[in-house]
Amino acid sequence: MEAQTTAENETDTIVSSNEPQVQVAYRKVAKSDILGGVSVINLEELTKKNYNTYSLDNMQGYIGGYTGSSLWGMGEYLVLVDGIPRDANNVLPTEIEQISFLKSAAATVLYGSRAAKGVIYISTKRGKNKPLEIGVRANTGLHLPKSNPKYLGSAQYMTMYNEARANDELSPLYSDEDIYNYASGLNPYRYPNIDFYSSDYLKKTYNRTDVTTEIAGGNERARFYTNIGYYRQGDLLDFGEAKDNFTDRLNIRGNIDLKLNKFIDAYINANATFYNSRSANATDRDGNDGVTDNYWTYASVMRPNRVAPLVPLSYIDQNSVNAWNLVNGSANIIDNQYFLGGSLSDQTNVFADYYATGYSKWTSRQFQFDTGLDFDLGGITEGLAFHTQFAVDYSTSYTQSYNNKYAVFEPQWYNYNGQDVIGDVIKRNNDEHSGVQNISGSTNRQTIAFSGYFTYDKTINDVHNLSAMLVAAGYQRTLSGEYHRPSNANLGLQVAYNYKQKYYADFGMAAVHSAKLPKGNRNAMSPSLTLGWNLAKEDFLESSSVIDDLTWSVSGSILNSDLDIDGYYLYLESYTQADGAWWGWYDGANEQSTNAIQGGNKDLTFVKRKELSTTLGASLWNNLLKINTSFFINSTEGLIIQPNTIYPNYFFTYWPDASFIPNVNFNNDRRAGIDFNVELNKKIGEVDVKLGVSGMYYTTKATKRDENYEYAYQNRQGQPIDGRWGLESMGLFQSQEEIDAAPEQTTLGEVKPGDIRYVDQNNDNIIDNKDIVFLGKAGWSGAPLTTGLNLTLKWKNFTFFALGTGHFGAYSYKNSEYYWAFGERKYSEVVLDRWTEETKATATYPRLTTKSGSNNFRDSDFWMYKTNRLDLAKVQLTYDLPKSWLKNSIVKELSAYINGSNLLTISKEREVLELNTTSAPQARFYSIGVKALF
């Protein structure tokens, strides 16, 4: 394989052809010399016809092997920005030149342990040897919510709740008169009916606007690129302090390339990003999880009839001295018309929070700096070079707030001459304004990275191409609140040879180190071998009128990694008193037991990714059709667990909770799949057509598991890694006679007509956990089948672009509070299809209950649904002004565009897939923009 002699951040590389250069591990190579498991997107070109706001937005629509959340279904990939571990969301598309997806083990081996699940390499833009150019882009658009939850109003809820109580053989809680009053809507303050999604509280749209300026230029000695960007995004909420919620971002990026002399090149990259987010304060109402309840989480649980958040002052009896004294003493009279409503059970609510507790401002600052030197050592021996890179990144974030407390007032209503009047109020809590600014949530992160590597490139007799690389690299992160610093250190060696760019051999190896393992096992070698063949250069195809290019490669690799090792000291014996039981040998003694947490294992070692992959690439009919496809099979072996089945049962006790079982390398997983990318380029009349189709299908299997189930159908071994397990349902019980004749289900909880009936898998006439079976794939790392389609039509100065994505083969549960309505939970419209004696023939939802409903509300296929979906992710129309119109103008290029994102979902379960219940609604985004080059 031909390798380059410049640093991986260089743009102007010296190559043997004019082919596009692709960033791979520590170097750039000609696209035709990539042997497999690598995909690349020229984001700079893509952004000209598809403007987006996130660096990895819908990338599965352009390449195969990326599910949107993982590479080849493996999970946590490593993101590198200009060679340094950084966050993908901290670099915007306008700053990016190219994104490389390194999927195969062979492509990532030089990066060591932390790259064992793939690498996404983001290369930012650089200056070029050309006169100064200034580009300006302005974009503004509106977010329009797609779907809102549909909760029952007060009267409906109360009616249903009474029905639930009747099902539980309890008396009604709400009288018919109560329900009538709530239904009438005559006094929504005495009989509230709160709709969190009404226009009283939410805007119809909210804005996002961004402006970016790019400055680039240079000469042979120095080149530079600068990006200055700012965006600001609003919020959907439209009341109180929340009306002014926003998020903004200011970034300044500068990349400089210098030619210091004939032998030394240098580069400096720097970036500063300033984030701010303002939001109304909210109260942690349950007080035990440390999570503040925002508007959306509160909307999912607060029943509509509980309390009126604002009550007009005009309802207070003018003669009620006590009521007026209490209310007039409030610091929170809203719009001079309303006081904050409450009750004994609702002494706070999110509406009062957003009016009275103040606001918070989250601040984040990220500073990134890296520099490198490239030495041409051809004076020592031809083709030898040395490259080095050093980086320091620092980020910090904190929250500033004024945290006020407030009083609410519970109205005491009575009716006077047919009119509702507040005769008195009961004050709950007190107004408190300390005036003290609070600083909380302070975090910081520092990354230090270094790499140094020799490269050697030599061509002998114009046919033998030899390259080699010796790498020493590492990085370490310091995280606030964490004692151990995530680190990666490795040595890498790569030797590559190709004959006439026809036959290829590439050997890569990394020596990796991990502090998570015991002494003696902290180092390992990760080898990889790839063989390639360019069939198009064979005599029998060289003159073909059909085949322009045809390459095939196969690689085998074994990567050692500590990515799946969750902590440090897993190899040591561990004891604690933290969970010890209290006991005594005699009366009055108060001793606490010391309990074992784990046994020791000095043989603990790395988790291994063993992989075999093959790639086929072809270009046909003078680039009319381009095809790239890879098949892979990999085994992740030695996942660490505490196995119960290979140790005597007395090594573990349930109370006191103690275990002498050590951590061992035991579980194995297997993944196999095929990814593909097909590109069609065709001119039809005056229209240039470019059609891209991409996708991946993969399967997973748990090939080894620590388990001892009584029935083979419950074994996880042999089943997909991401399996959904649960009971198999048989509809709803229609009568007590059916319950009496069916297998016993009382082990799952109380069972009555209208409850879910389950299949007795083992025929023991009892429904219990032994009847749990495999139900389907969850798609934790992406759906089994991911597809994408992108279309570009260019006619004269108009460019039309459309992008669609598809995800198929995974299942999920309708198990959120929106669907599982029991106890005191809020009711959504799904309960309208509940079982009753009158609706038993058509009911699709179990009977209502104020109890736990443990028989019904558990994982089963009754609640399962397919997540299959087709999404129209993007449509954009761009118009480029003819350059002839811009003659004698300071403007070199000018274009305008209009686009829409997240436009349409086609799915049988569209309503479920488009619904958010504990976060802001999903939204379509429509925007317009202009771009000018000076």
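In this report, the structure presented in the accompanying data block is examined. What you are looking at is a predicted structure, and each value in this text was computed from that prediction instead of being measured.

With that settled, consider the overall build of the protein. For the protein, the count of helices and strands is 10 helices and 45 strands. Since a compact globule built from 934 residues should have a radius of gyration of about 30 Å, the 32 Å found for the protein is in line with a globular shape. The dimensions of the protein, computed from C-alpha atoms along their principal axes, are 105 × 80 × 65 Å. Accessible surface, the protein: about 42,500 Å² in total, of which carbon and sulfur atoms supply 54%. In the protein, 87 positive and 105 negative side-chain charges are present, and the distance between their average locations comes to 7 Å.

With that settled, the discussion passes to the pairing of strand E34 (residues 687-704). As paired strands, strand E33 (residues 664-684) and E34 are joined by 17 bridges and run antiparallel to one another. Within the sheet, the bridge partner assigned to Gly 673 lies in E34 and is Tyr 698. The loop that links E33 with its antiparallel partner E34 comprises 2 residues; one of these, Gly 685, has a positive phi angle of about 65°. Here E34 pairs with strand E39 (residues 785-795) via 11 bridges, running antiparallel. When the sheet's bridge partners are listed, Asp 688 is paired in E39 with Lys 794.

Tracing the backbone through its elements, the reader meets Phe 666 in strand E33. In the structure, Phe 666 is positioned 26 residues away from Ile 640 in sequence and 5.9 Å away in space, judged by C-alpha atoms. In this structure Phe 666 touches Gly 638, Leu 639, Ile 641, Pro 643, Ile 646, Lys 704, Arg 705 and Asp 706, once residues within four positions along its chain are discounted.

Attention shifts here to the pattern of salt bridges. For the structure shown, the criterion picks out 39 salt bridges. Residue Asp 420 is joined to Arg 190 by a salt bridge in which the shortest nitrogen-to-oxygen separation is 2.8 Å. With a gap of 230 residues between them, Asp 420 in strand E18 (residues 419-428) and Arg 190 in the loop between helix H4 (176-184) and strand E9 (206-218) connect regions that are remote in the sequence. For Arg 190, a relative accessible area of 23% puts it in the partly exposed group. Lys 851 serves as the salt-bridge partner of Glu 750, at 3.6 Å between the closest nitrogen and oxygen. A residue pair is termed long-range when its members are at least 10 positions apart, and Glu 750 in the loop between helix H9 (736-741) and strand E37 (756-758) and Lys 851 in the loop between strand E41 (811-813) and strand E42 (864-866) qualify at 101 residues.

Another aspect to go through is the packing of aromatic side chains. Applying the stated rule across the entire model yields 48 aromatic pairs. Measuring from ring centre to ring centre gives 5.6 Å for Tyr 647 and Phe 651, while their planes differ by 35°; the resulting arrangement is tilted. Here Tyr 647 falls in the partly exposed class, since its relative accessible area comes to 25%. What links up through ring pairs into an aromatic cluster is the set Phe 196, Tyr 197, Tyr 201, Phe 239, Tyr 295, Trp 296, Tyr 298, Phe 351, Tyr 354 and Tyr 355.

Quick notes on the rules
Residues numbered from 1 in each chain as written. Predicted model: local features only at pLDDT ≥ 70, side-chain atom pairs only at ≥ 80, totals over all residues. Heavy atoms only, no water. Helix = DSSP H or I, 4+ residues; strand = E, 2+ residues; numbered from the N terminus. Rg over C-alpha atoms; globule rule 2.2 N^0.38 Å. Areas by Shrake-Rupley, 256 points an atom, 1.4 Å probe, with all protein chains shown as cover. Lys, Arg positive; Asp, Glu negative; His and termini not counted. Charge placed at Lys NZ, Arg CZ, Asp CG, Glu CD. Pairing = 2+ DSSP bridges. Contact = heavy atoms within 4.5 Å. Salt bridge = Lys/Arg side-chain N within 4 Å of Asp/Glu carboxyl O. Buried < 20%, exposed > 50% of the residue type's maximum accessible area, 1.4 Å probe, protein only. Phe/Tyr/Trp six-rings, centres within 6.5 Å; stacked < 30°, edge-to-face > 60°.

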